[in-house]
Amino acid sequence: MAKFLTKRSENYSQWYNDLVLKADLAENSAVRGSMVIKPYGYSIWEKIQRQLDDMFKETGHENAYFPLFIPKSFFSKEASHVEGFAKECAVVTHYRLKNDPDGKGIVVDENAKLEEELIVRPTSETIIWDTYRKWIQSYRDLPLLINQWANVVRWEMRTRLFLRTAEFLWQEGHTAHATEQEAIAEARTILDVYSTFVEEWMAIPVHKGRKSANERFAGALDTYCIEALMQDGKALQAGTSHFLGQNFAKAFDVKFLSKDNKLEYVWATSWGVSTRLMGALIMTHSDDNGLVLPPRLAPVQVVIVPIYRNDEQFEAISRKANEIVKKLRSMGIRVRYDNRDTHKPGFKFAEHEMKGVPVRLAIGPRDLENNTVELARRDTLEKEFLQMEGLETKIEHLLEVIQKNLFQKALDFREANTHYVDTWEEFKEVIEKKGGFAVAYWDGTSETEEKIKEETKATIRFIPLEENTEEGRCIYSGKPATQKVFFAKAY
RNA sequence: CGGGAUGUAGCGCAGCCAGGCAGCGCGCUUCGUUCGGGACGAAGAGGUCGCGAGUUCGAAUCUCGCCAUCCCGACCA
């Protein structure tokens, strides 16, 4: 392991790349644009999955699994959907290899060409709606509330670990409803699930909002999002929930008989969060010493490092440490006693710091004499000596304090980097120099959004859900405007 | 797909201009001393110099071709 991380102030994206590698979260693979998620990184993803999955179940959803491959013809059934994804699809054209007649390795067997080519799913709306047609006949079959955990592939030009990879892991919910209102309510319910999860578990403050037409999901009538602000002042979309109207129902002919015996198209939603959340987690909390994890998602919440010169000391310290481990475990706290004899304490300190373990305890000979322990907080880097007495209760409380502190720090940062602007000059100043959100009136047209993007690279990250009551003038065109929206450069 | 760069030990790199034993740092192995913030010493292991042609007595080094990767743009969760 190399010793030092690039400093955020020197090169933020280099810092991010270094951190992902050095905290042992993931690495690039032999396949361009596709990453290997390493055990430590994956265990954080598992925590995310576990909690979200519980929350989906609590809101009435069930898991299912749909195929990786989608017939090409399905794709072309919903016009804007094709347009949105066509440019980044991996396509399966053959189903067999053979030995190269020239003796060099293996080649594609040209005789094994598929009659209909298969698309590796970039998202599953089409295959799922083709299936739902068979499942839905009556209003009694509705609502249909399904989620799947899956991998998807989008052939991206430029990739970054977790933030944008050719293949990524996610969950995608796909629901069918009898009425428009119910579908919209579903999309909003999930938006709430997402924001609750991201704020309470990941300790990342998010704005809930609606996407502009330009940023909307291909095939959706309305796209809701949760949007977070990263430490470098760029915004990151952390999750989306779409109201799809009847677009997919019409494209795939999914109809039901209503109570009053009328044949109607169903109303749909889809929603997802991906391993991109890992990127958000890293970029929200971490510092120049490495990863900082909120306790609720930390695979290891407390690590105990023994300091000793000889076997007798090691054994005495281990007895003490194991007592602490036992008590903490019984309280449901994830604790590890790092008794590796192959590494020195200093090395372990640095390693656990790099990997973001929220609380570190060090126990040495002096602590045994004094009946104390050294406790170090990862979020503040503060150290203090504590009496053994009542230690476990203090740690339990401290973990909650850290969780809240991380959220508050991120929230303070976001507030400090949200600028309400009234003139185009101020707007450019914020986007080009300060970073963060620029909140301004917008005339509601795509043309204006496009021009702002061309001139500043900033896009509308979201339109607040609350209706704005005051009238204003568009920051760019000067035309009358009713919507104040959040602009930022984005990941 | 446009612009720029790079391929030499597990990782990071020097050597190439001016052809002549394959090097350095980190990591790895063994032994000893260490252990309260990334230990030290000694001894070791580890190479198709991206691939293929060519020039030459001799190529990591020169020439040609190919391949791959990275960075910057256009596209995107």
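Here the structure is a predicted model, which is why all the values come from computation and not from measurement. (Residues numbered from 1 in each chain as written. Chains lettered and ligands numbered in written order. Predicted model: local features only at pLDDT ≥ 70, side-chain atom pairs only at ≥ 80, totals over all residues. Heavy atoms only, no water.)

## Quick word on the overall build of chain A
Looking only at helices and strands, one finds 14 helices and 27 strands in chain A. Dimensions of chain A, computed from the C-alpha atoms along their principal axes, are close to 80 × 70 × 55 Å. Counting all 491 residues of chain A, 53% fall into the buried class. Once local pairs closer than 6 in sequence are excluded, the contacts in chain A between residues at least 24 apart make up 68%. Surface exposure of chain A reaches about 23400 Å², of which carbon and sulfur atoms provide 48%. (Helix = DSSP H or I, 4+ residues; strand = E, 2+ residues; numbered from the N terminus. Buried < 20%, exposed > 50% of the residue type's maximum accessible area, 1.4 Å probe, protein only. Contact = heavy atoms within 4.5 Å. Areas by Shrake-Rupley, 256 points an atom, 1.4 Å probe, with all protein chains shown as cover.)

## Some remarks on the pattern of salt bridges
Pairs may arise between side chains of opposite charge once their charged atoms sit close together. In total, this model carries 24 salt bridges according to the counting rule given. Note that lysine 72 and glutamate 117 form a salt bridge whose closest N and O atoms lie 3.2 Å from each other. In this pair, lysine 72 is assigned in helix H3 (residues 72–75) and glutamate 117 in strand S8 (residues 113–120), connecting sequence segments 45 residues apart. Its relative accessible area of 41% is what places lysine 72 among the partly exposed residues. For arginine 96, the salt bridge identified is with aspartate 109, shortest N-O distance 3.2 Å. With arginine 96 in the loop between strand S5 (91–94) and strand S6 (97–99) and aspartate 109 in the loop between strand S7 (106–108) and S8, this residue pair connects regions lying 13 residues apart in the sequence. Taking the relative accessible area as the measure of exposure, aspartate 109 reaches 8% and is therefore buried. Beyond isolated ion pairs, a larger network of salt bridges with shared partners links Arg336, Asp338, Arg340, Lys348 and Glu351. (Salt bridge = Lys/Arg side-chain N within 4 Å of Asp/Glu carboxyl O.)

## Overview of unusual backbone geometry
With an omega of -5 degrees, the peptide bond running from leucine 142 to proline 143 counts as cis. Within the secondary structure, proline 143 is located in the loop between helix H5 (125–135) and strand S9 (144–153). Non-glycine residue asparagine 261 carries a positive phi angle of around 60 degrees. With respect to the helices and strands, asparagine 261 occurs in the loop between strand S14 (255–257) and strand S15 (263–265). Of note in this structure, lysine 457 is not a glycine but carries a positive phi near 70 degrees. One can find lysine 457 in the loop between helix H14 (446–456) and strand S24 (459–464).

## Concerning helix H1 (residues 12–22)
Of all the positions in H1, only Tyr12, Trp15, Tyr16, Asp18, Leu19, Val20 and Lys22 are classed as buried. Downstream of H1 by one or two residues, aspartate 24 has phi in the positive range, about 65 degrees.

## A word on a negative patch on the surface
Together, Asp311, Glu312, Glu315 and Asp341 make up a negatively charged patch on the protein surface. Note on placement: aspartate 341 falls in the loop between strand S18 (335–337) and helix H10 (345–354). By relative accessible area, which is 62% here, aspartate 341 ends up exposed. (Patch = residues over 30% accessible without salt bridge, like charges linked within 9 Å, V, L, I, M, F, W, Y side chains within 5 Å. Lys, Arg positive; Asp, Glu negative; His and termini not counted. Charge placed at Lys NZ, Arg CZ, Asp CG, Glu CD.)

## A short note on the domain arrangement of chain A
Interfaces are often sized by the accessible area lost when the parts come together. The assigned domain composition of chain A is domain 1 (12–62 + 125–285), domain 2 (295–413) and domain 3 (418–488). One C-alpha centre belongs to domain 2, the other to domain 3; they are set 47 Å apart. (Domains from an automatic or database assignment.)

## Examining the environment of asparagine 247
Locating asparagine 247 in the fold gives a position in helix H7 (residues 247–251). Distance from asparagine 247 to leucine 221, taken between C-alpha atoms, is 8.3 Å for residues 26 residues apart in sequence. Sequence-distant contacts of asparagine 247, that is, excluding residues within four places in its chain, are made with Glu78, Gly219 and Leu221. There is a polar contact of 3.0 Å between the side chain of asparagine 247 and the backbone oxygen of glycine 219. (Polar contact = N/O pair within 3.5 Å; in protein donor to acceptor, adjacent residues only side chain to side chain.)

## Points about the sheet that holds strand S19 (residues 359–363)
Taken together, five strands build an open sheet; the order of strands is S18-S17-S19-S20-S21 and the sheet is mixed. Each edge of the sheet is formed by a strand with only one pairing partner; in this case those strands are S18 and strand S21 (383–387). Pairs of neighbouring strands in the sheet enclose a mean axial angle of 25 degrees, with direction left out of account. Direction of pairing for strand S20 (residues 372–377) relative to S21: antiparallel, over a ladder of five bridges. Within S21, the residue paired with alanine 376 across the bridge is lysine 383. Lying over the sheet, helix H9 (residues 311–330) contacts strand S17 (302–306), S18 and S19, oriented at roughly 170 degrees with respect to S18. In the packing of helix H12 (residues 391–416) onto the sheet, the strands contacted are S17, S19, S20 and S21, and the crossing angle to S20 comes to about 10 degrees. (Pairing = 2+ DSSP bridges. Axes fitted to C-alpha atoms, helices over the stretch in contact; angles between N-to-C directions.)

## Describing the environment of lysine 250
If you trace the backbone, lysine 250 turns up in helix H7. Judged by its relative accessible area of 49%, lysine 250 falls in the partly exposed class.

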